[in-house]
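Spelled out from the first residue to the last, the chains are:
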Amino acid sequence: MASLRSKFSVLWFVVVFVTAHVSEAVGKMKLIGDDEGACQYNDNMISLRSSKSSSAAGPEPGDQAAAFTVQTLDGEFSYQPGAQRESLIIHAFTNKSGFLECMWSSESSLTSLVQDLPDSTQVLFLSLDDSAISDALWMREQLQRVAMHSKKEVLSRLHFSPVPVFSLGNWIPNVLYYWTSTSRLAQVVFTSKGWKMPIIIKRVNARYDWLPRWSERTCQLMDAGDGCEPSPSLAGAVAWVSEGNCSFFTKVQSMAKSNASAVLVYALPGNPLQDMNCVEDECNTTLSIPAAMVHLEPSVVQALQSGQLVYVSPQSTPAPNVFFGIDQQGALAEMGLFLYPSFSFVSWQAQWFDFYADLQAKLQSPAKVVPVFDKVQMQGEKGAVATVVMPLGLSEFNVLELDASLSCPDKRDVSCAHWDHTVQLFVCCDHLSPFCNMELGRWITAFRRGTGRWLTDVSPLLPLLDSNKCTLTMKTVPWAMPWIVSLNLRFSIGNQTANFTGDVEEELRPFRVMSLYSGGTFDKNYNKRYLPVKFPIPTSTKKVELYAVITAHGYDDNKCGEFCVTSHHFLFNSVFNNTLIFDSAGTPLGCTTRVKEGAVPNEYGTWLYGRGGWCDGLQVNPWRIDITNQLDMSGADANTVVYFGLFDGQDPNPSKDPGYIIMSSFLVFYK
């Protein structure tokens, strides 16, 4: 744990993801509950969600950033639009924030920036205070110390300016102050009868998914030593305990047994505030009282030792916006919510910038583009509906991609829908066809962030487009807040279905699909509804593929299906078992690993956890298996398939509130 600076000045640092370069100077150079996570602000989190502006003028997310130059400790830092395909960031640190103190004092937090920041990202640190010179020197020292132990070179991309923001003379202050935020400085207020003024100090709350939030009411503060053992005299009081001698979990558990209303853990002199959290099996024990960490306050200690009554209450004070980004395309961007004090959230946003730049490059590849929705509102039972004309020569294409995006009614994240919901795209080209309103694509909305855009390959479902006109419907649950959707169908020619006969490569195209199984309630009767299906092989078939889109939802006593590991099996001819396992479901950081695939980072909810086949703010990728060698290709009704889904290797058998599976599955025949 890094030691704190001896000088506790009021600091604000700013970090910007931006296309930038440095020119040398002359001569030298638990899951939170559904009723809490996404829409309620936790004042122990760094929220970068902007409130609606009172003025129509000013920079907005998506606007192009202008050029600027600032002085740094190593020379000039210059940003020129389009000069380099890099991103940059602005992080505002103040020593008045316990959250940011944790972020900058934690070795794991600093290491995440050094190790995980993409090579394409620059970071610029500014200070909002008169102490900008000492601030810049200290910040650089913190990161240099950690970088010494890393094999990855990162320091050349980290830039520290000794010029305070109010002296920059460029557009950066306008963004910082115009993008007003619902961020808060988390504090505690101590009062006592003999004091002329209350004492207000910073606090950092225990981890968001471990303990409940501290309600703003005044309680008596009582000394409980180190808090490692229950105390009989704490009923209704806030326990004042020292760090050390036992884990944070033990302290909170002991104080809960003492009927304390909350716990304040104070850091020993010279130690920084820490990110209070449970560890491994501790997290399986539910504790119902809030806790926070503060610095030792001598006046409070003296009052308690002299027998004075001391009262304490939490408070939250509005704070400036502390992060914004500029992506590789030069567009200003919000940075979302930091759920706990770690620079990992900076690295994840930078990784998403990389993903988006790669996506933009892919969208430049040749394709016949059929526009379906262009910033259309999706809400209610109907959703978004459009009828489009399919391109001429449709049979010549063997690649179909869905270019889909979900944005919010306004440019700021604050206008986004609160919850994560399933979004499905249905297609109907012939109202008399059994394939009318089959699912063509699936996505999961983000928690209150509107930056998602994805390219999903659904080529095996080309046979569903069997008419010159098709109606497409994109919808989610009717009670969800509105999303603004855009969708293009991209038709092209590729070789992903190539078949090799000797030395000759054949380009195959899907010509027929056969619908298989759908999902349902994941309970003890789940597998009883699935019977074996016999199927023939159409004449001229060269290849057969299993195509399925499966996601697990809900929360029963086994955390199924969203957060439990389920497996999904398609058994062909009683021999060949094709299995899809959602092995990352319930893992603490399962969906952070998919930011590079397009999962929207830094959402206003529990986006980090692995899910049952999906992540918030991401497309659901189809599962595709070539099963040609598992089949009798003679054409007779000699093949069978049966599906079953398992939890922990057995039929699901929840005692209450069963989850459910959303599934569409097909056999796809190529020739």
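Up top you'll find the structure we're talking about.
Residues numbered from 1 in each chain as written. Predicted model: local features only at pLDDT ≥ 70, side-chain atom pairs only at ≥ 80, totals over all residues. Heavy atoms only, no water.

## A closer look at the overall build of the chain
Counted only if it meets this: Helix and strand labels come from DSSP, where a helix needs a run of H or I of at least four residues and a strand needs a run of E of at least two; each type is numbered from the N terminus. Relative accessibility thresholds used throughout: buried, under 20% of the residue-type maximum; exposed, over 50%; partly exposed, between the two (1.4 Å probe, protein chains only). To measure how exposed things are, a 1.4 Å probe is used in the Shrake-Rupley method; for residues, cover is taken only from the protein chains shown.
When its secondary structure is counted, the chain shows seven helices and 37 strands. A burial count over the chain gives 59% of its 671 residues as buried. As presented, the chain carries roughly 27,400 Å² of accessible surface, and 51% of it is formed by carbon and sulfur atoms.

## What to know about unusual backbone geometry
Residue G561 is bonded to the preceding C560 through a cis peptide linkage, with omega at 0°. Following the sequence through the fold, G561 ends up in the loop between strand 31 (543-553) and strand 32 (566-572). Despite not being glycine, R448 shows a phi value in the positive range, around 55°. Summarising the element assignment, R448 is placed in the loop between strand 23 (438-444) and strand 24 (452-457). The exposure class of R448 is buried, given its relative accessible area of 10%. Positive phi, close to 55°, is recorded for N573, a residue that is not glycine.

## Digging into the nonpolar core
Note the threshold: The nonpolar core is taken to be a set of buried Ala, Val, Leu, Ile, Met, Phe, Trp, Tyr and Cys residues, with the residues joined through side-chain atoms within 4.5 Å. Residues count as neighbours in contact if any of their non-hydrogen atoms are within 4.5 Å of one another.
In terms of nonpolar packing, the biggest core is built from 103 residues, with L440, L465 and F491 touching the most fellow members. What F491 contacts, discounting residues up to four positions off in sequence, is A367, K368, V370, M390, P391, L394, F397, V399, L400, L462 and L465. Formed by 29 residues, the second largest nonpolar core is a distinct cluster that contains I537, L546, F570 and F669.

## Remarks on the sheet that holds strand 22 (residues 422-428)
Note the threshold: Any two strands between which DSSP finds at least two bridges are classified as paired.
The strand order across the open sheet formed by five strands is 20-25-22-23-34, and the pairing between neighbours is antiparallel. The outermost strands of the open sheet, each flanked by one partner alone, are strand 20 (384-389) and strand 34 (618-619). Pairing analysis gives five bridges linking strand 22 to strand 25 (residues 469-475), with the strands arranged antiparallel. Within strand 25, the position partnered with C428 by the bridge is T471.

## Considering the sheet that holds strand 31
Our working rule: Here an angle of 0 to 180 degrees is reported between the N-to-C directions of two axes, which are lines fitted to C-alpha atoms, with helices fitted over the stretch in contact.
Spatially, the four strands line up as an open sheet ordered 29-37-31-35, and their pairing is antiparallel. Every interior strand has two partners, whereas the edge strands, strand 29 (510-522) and strand 35 (623-626), have only one. Neighbour-to-neighbour, the strand axes of the sheet open up by a mean angle of 20°, direction not taken into account. When strand 31 meets strand 37 (residues 659-670), the two strands line up antiparallel, connected through 11 bridges. Within strand 37, the residue paired with T551 across the bridge is I662.

## Quick notes on the environment of D657
Note that D657 resides in the loop between strand 36 (639-647) and strand 37. With 100 residues separating them in the primary sequence, D657 and D557 have C-alpha atoms 7.4 Å apart. With near-sequence residues (within four places) excluded, D657 lies in contact with Y555 and D556.

## As for the state of the cysteines
Our working rule: Only a pair of cysteine sulfur atoms within 2.5 Å qualifies as a disulfide here.
One pass over the structure, following the stated rule, counts seven disulfides. One disulfide in the model links C560 with C564; its S-S distance is 2.0 Å. Since a negative S-S torsion denotes a left-handed disulfide, the C560-C564 link at about 115° is right-handed. Overall, the relative accessible area of 2% leaves C560 in the buried class. The disulfide partner of C591 is C615, and the gap between their sulfur atoms is 2.0 Å. With the S-S bond torsion at -90°, the cross-link from C591 to C615 turns out left-handed. One end of the pair, C591, is in the loop between strand 33 (576-581) and strand 34; the other, C615, is in the loop between strand 33 and strand 34, with 24 residues separating them in the sequence. Residue classification places C591 among the buried residues on the basis of a relative accessible area of 1%.

## With respect to the pattern of salt bridges
What counts is decided by this rule: Criterion for a salt bridge: a side-chain nitrogen of Lys or Arg within 4 Å of a carboxyl oxygen of Asp or Glu.
For the structure on display, the rule yields 15 salt bridges. Across the pair R449 and D413 runs a salt bridge, and its minimum N-O distance is 3.0 Å. Taken as a pair, R449 in the loop between strand 23 and strand 24 and D413 in the loop between strand 21 (399-407) and strand 22 lie far apart in primary sequence, 36 residues in all. By relative accessible area, which is 3% here, D413 ends up buried. One salt bridge connects R611 with D616, and the closest N-O pair in it is separated by 3.3 Å. Both residues of the pair, R611 and D616, belong to the buried class. Here the residues in one salt-bridge network are E562, R611 and D616, joined through shared partners.

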